[in-house]
Amino acid sequence: MLQDVSIVQQIGVAALAVATVAWAVGLVRVMRRERPDVEAWRKAQGLQGLRALPGQQRPPRAEAVELTADERAAFAGLVRQFGKRHS
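Treat the numbers as computed from the prediction; the structure is a model and nothing was measured.

Concerning the overall build of the chain
Here's step 1: A tally of helices and strands in the chain yields three helices and zero strands.
Here's step 2: Helices and strands appear in the chain in the N-to-C order α-α-α.
Here's step 3: Across the 87 residues in the chain, those meeting the buried criterion constitute 2%.

A short note on a nonpolar patch on the surface
Here's step 1: Together, Ile 7, Val 8 and Ile 11 make up a nonpolar patch on the protein surface, roughly 320 Å² of accessible area in all.
Here's step 2: Of note, Ile 7 is situated in helix α1 (residues 7-33).

Topic: the confidence of the model for the chain
The predicted coordinates ought not to be read in detail in places where the model reports low pLDDT.
Here's step 1: The pLDDT averaged across the chain works out to 82; a share of 78% of its residues lies at or above 70.
Here's step 2: The element-level mean pLDDT for the chain is lowest in helix α2 (residues 36-45), coming to 69, with α1 highest at 92.

Rules of the game
- Residues numbered from 1 in each chain as written.
- Predicted model: local features only at pLDDT ≥ 70, side-chain atom pairs only at ≥ 80, totals over all residues.
- Heavy atoms only, no water.
- Helix = DSSP H or I, 4+ residues; strand = E, 2+ residues; numbered from the N terminus.
- Buried < 20%, exposed > 50% of the residue type's maximum accessible area, 1.4 Å probe, protein only.
- Patch = residues over 30% accessible without salt bridge, like charges linked within 9 Å, V, L, I, M, F, W, Y side chains within 5 Å.
- Areas by Shrake-Rupley, 256 points an atom, 1.4 Å probe, with all protein chains shown as cover.
- Salt bridge = Lys/Arg side-chain N within 4 Å of Asp/Glu carboxyl O.
- pLDDT = per-residue confidence, 0-100.

Given below as structure tokens:
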């Protein structure tokens, strides 16, 4: 160990070295995953899109609720009230 360097500085240098190695490993993995030949392999294997999320098979169903005449009138009253406040 170096006598002129404090333990805190040595720990800081070690932490930066570990962070640098982790960043480099992550960068290499991302770059390998995005190569064109890997994309061709994925298509041949049937792995398209995000691997962690399933593809959406059909569009989502729209939900609808039938309102009674009283509910429609109450909603129209609310719309009028909000229209008066914001105009």
